[in-house]
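# Per-entry structural report
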Amino acid sequence: MRLKLFKKYFFINVSIVAVSLLVIMMILSLVLNNHITKAAYSTLNETCNQIDNNFENFEDSDSFFNIAVPLSKVSNSEIFLTDNHGTVLICACQEWQENEKCMHSSYIMPKHIIDRSRTKTTSEINNLGIYKMPHYVSVKAIGDQSKYYVFASMPVRETHAIMRRISKVYYLWAIVPLLFMLVAIYLITYRLTKPLKSMSEAAKAMAKGDFSKRVPVTSDDEIGELAVSFNMMTNSLSRLESMRRSFVGNVSHELKTPMTTIGGFIDGILDGTIKQEEHKHYLGIVSKEVKRLSRLVNNMLSIARLESEEFSLKLERFDFYNLLCTIMISQEKRIEEHKLDIMGLDTLDKVTVYCDKDLIYQVVYNLVDNAIKFTDNGGISISSNIIKLGFNNFI
C-alpha cells in the first residue's frame, strides 16, 4: 500500500531528525571517549612520574607503600614495580601488604611493553595477561640503567560507566526538544501538504464534471503560486465545459428544426399529401433546407469560435421580408397541423438589412419554431417589430 504524501514527508523528516540525533550521539561519544582516555593516560603518567621522582626515597617496602598507596587511591589505579624481565617486585595493593604477594606477582609482564618503555613512558589499553577486562596501562622506566619499571593501571569499564551516565543525561535532555521537533514537523508537513490534498480532491471532482471546487490560497510561496495556477486552470476548464454544453445544446436544438421540416415535406411527398404538380416546389424547399442544414453545422462551429473569441461575421445586404416568407413557407405543414392562422405577413414592408444572413435566419427560424410549438390554438401575428404567440391575441 502506497503511503500518502503527508506520511512520506512526515516519516522522512522524522527519520532525518532521528539519524541526526544518533550521529550527534556517536560523535559526542567519540569525543568524550577520546577525552576520558587522554585524561586517564594523563593521570596514570603523572602517577608513574611521582613514583619515579620518589624512587631514591624507597629504602624499604614501607617507604614505597607510604608514597604508592595514597597515589593509588587518588588516581583509582593499581601500582606495582617490576624488574627489567617483567617480574613483579612489589605492589601497592592491600593483598601484597598483607601477604607480600598478590595476583600481579603470579604473572610476568609482557616483554615488548618493557622494551618500548626503556626510553619513554608507554600508555596503551592492555590486559597485561592478568586482567580479564581491558585496562588503561602506563609504564615508565625508573632507576639507573632502566633496571626497574613502574606500572600504573585502571579498568576501562570506568570510562564506560561515565559514558553510560552521560548518555542517560543526553537522552533525557533530548526527549523534550525531540517532542517539540516532532510537533513542528507535523504542523509544517500538514500545512505543506494540505493544498496538495485540496488540489487532488478538486481534480477528482473535475474528473466527475464538478468544476465548483477551488483550492484555498494560504501563502505566497511556490505552493501558493501552484494553488493560484490550479484555480485559474479550473476556471478555464469550467468555461470550456460550459461552452461545450452550450454548443451541444445548440446543435441538438438547431439541427432538429430543419430536419423536422425536411422530414415533413418528404413524408408529404411519399404519402401523397402533397400533390404531384407541387413536388418540384417543395423539393426546392427541401434542397434549401439541406443547404441551410449544412450552413447550420458550419454556424455551430462558428458559434463555438465566437465564444472562444475566434469568430468573424459574414455581413451582407438582403431583403428581410423574403427571408421571413421563406421561413414561414418551410413551416407550412406544421402550421396546418396546429391549425394556426398567420396574420400580418402580407402587410409587411420590404426591409433591406445589413448583417449575417445565416445567423438572422436561425434567429427568426427559432422564433417561428417556438411560436408554433407553444401556441395551442389561435394564431401568430407578425409585425415588423415582433413575432408574438397567443390565444386569439393578434397585433
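Residues numbered from 1 in each chain as written. Predicted model: local features only at pLDDT ≥ 70, side-chain atom pairs only at ≥ 80, totals over all residues. Heavy atoms only, no water.

A separate point is a positive patch on the surface. On the surface, Lys4, Lys7, Lys197, Lys204 and Lys208 cluster together into a patch of positive charge. Turning to its location among the elements, Lys197 is positioned in helix 5 (residues 157-207). (Patch = residues over 30% accessible without salt bridge, like charges linked within 9 Å, V, L, I, M, F, W, Y side chains within 5 Å. Areas by Shrake-Rupley, 256 points an atom, 1.4 Å probe, with all protein chains shown as cover. Salt bridge = Lys/Arg side-chain N within 4 Å of Asp/Glu carboxyl O. Lys, Arg positive; Asp, Glu negative; His and termini not counted. Charge placed at Lys NZ, Arg CZ, Asp CG, Glu CD. Helix = DSSP H or I, 4+ residues; strand = E, 2+ residues; numbered from the N terminus.)

Here we come to helix 2 (residues 61-75). Here helix 2 contains 15 residues, and its C-alpha end-to-end distance of 20 Å stays within 8% of the 21 Å for a straight helix at 1.5 Å per residue. Residues of helix 2 that are buried include every one of Ser63, Phe64, Phe65, Ala68, Val69, Leu71, Ser72 and Ser75, and no others. Where the residues of helix 2 are buried, they touch helix 1 (5-53), strand 1 (78-83), strand 2 (88-91), helix 3 (94-99) and strand 5 (148-155). Two to three positions downstream of the cap, the backbone nitrogen of Asp62 sits 3.3 Å from a side-chain oxygen, assigning the N-cap of helix 2 to Asp60. (Expected span 1.5 Å × (residues − 1). Buried < 20%, exposed > 50% of the residue type's maximum accessible area, 1.4 Å probe, protein only. Contact = heavy atoms within 4.5 Å. Polar contact = N/O pair within 3.5 Å; in protein donor to acceptor, adjacent residues only side chain to side chain.)

Taken in spatial order, the five strands line up as 2-1-5-4-3 in an open sheet, and their pairing is antiparallel. This sheet does not close on itself; its edge strands, each paired only once, are strand 2 and strand 3 (122-126). Adjacent strand axes in the sheet meet at a mean angle of 25°, parallel and antiparallel pairs treated alike. The sheet strands contacting helix 1 are strand 1, strand 3, strand 4 (135-142) and strand 5, and the helix crosses strand 4 at an angle near 30°. (Pairing = 2+ DSSP bridges. Axes fitted to C-alpha atoms, helices over the stretch in contact; angles between N-to-C directions.)

Once that is clear, we can look at the environment of His85. With respect to the secondary-structure elements, His85 resides in the loop between strand 1 and strand 2. Residues His85 and Thr234, spaced 149 residues apart in sequence, show a C-alpha to C-alpha distance of 93 Å. With residues near it in sequence (within four places) discarded, His85 still touches Ile108, Met109 and Ile114. Here Asn84 takes part through its side chain, which lies 3.4 Å from a polar atom of the side chain of His85.

Another aspect to go through is unusual backbone geometry. A positive phi angle, close to 55°, is found at Asn76, a residue other than glycine. In this structure Asn76 comes out as partly exposed when scored by relative accessible area, which is 48%. We note that Glu100 has phi near 55°; this positive angle belongs to a residue other than glycine. Accessibility expressed as a relative area gives 63% for Glu100, which makes it exposed.

Counting residues in each nonpolar core, the largest one holds 38 residues, and the members touching the most others are Ile51, Phe64, Leu128 and Phe151. For this core, the secondary-structure elements that each account for two or more residues are helix 1, helix 2, strand 1, strand 2, helix 4 (111-116), strand 4 and strand 5. When near neighbours in sequence (up to four residues on either side) are disregarded, Leu128 contacts Phe80, Met109, Pro110, Ile113, Val137 and Phe151. (Core = buried A, V, L, I, M, F, W, Y, C linked by side-chain atoms within 4.5 Å.)

Of all eight residues that make up strand 4, eight are buried, and the element is covered over most of its length. With burial as the criterion, each face of strand 4 is covered, one bearing His135, Val137, Val139 and Ala141 and the other bearing Tyr136, Ser138, Lys140 and Ile142. Bridge count for strand 3 against strand 4 is five bridges, and the pairing is antiparallel. What sits directly across from Thr122, in strand 4, is Val139. Bridge analysis of strand 4 against strand 5 gives eight bridges, and the strand direction is antiparallel. From the neighbouring strand, Val139 faces strand 5, where its bridge partner is Phe151.

On their own, these measurements won't tell you what the molecule is for.
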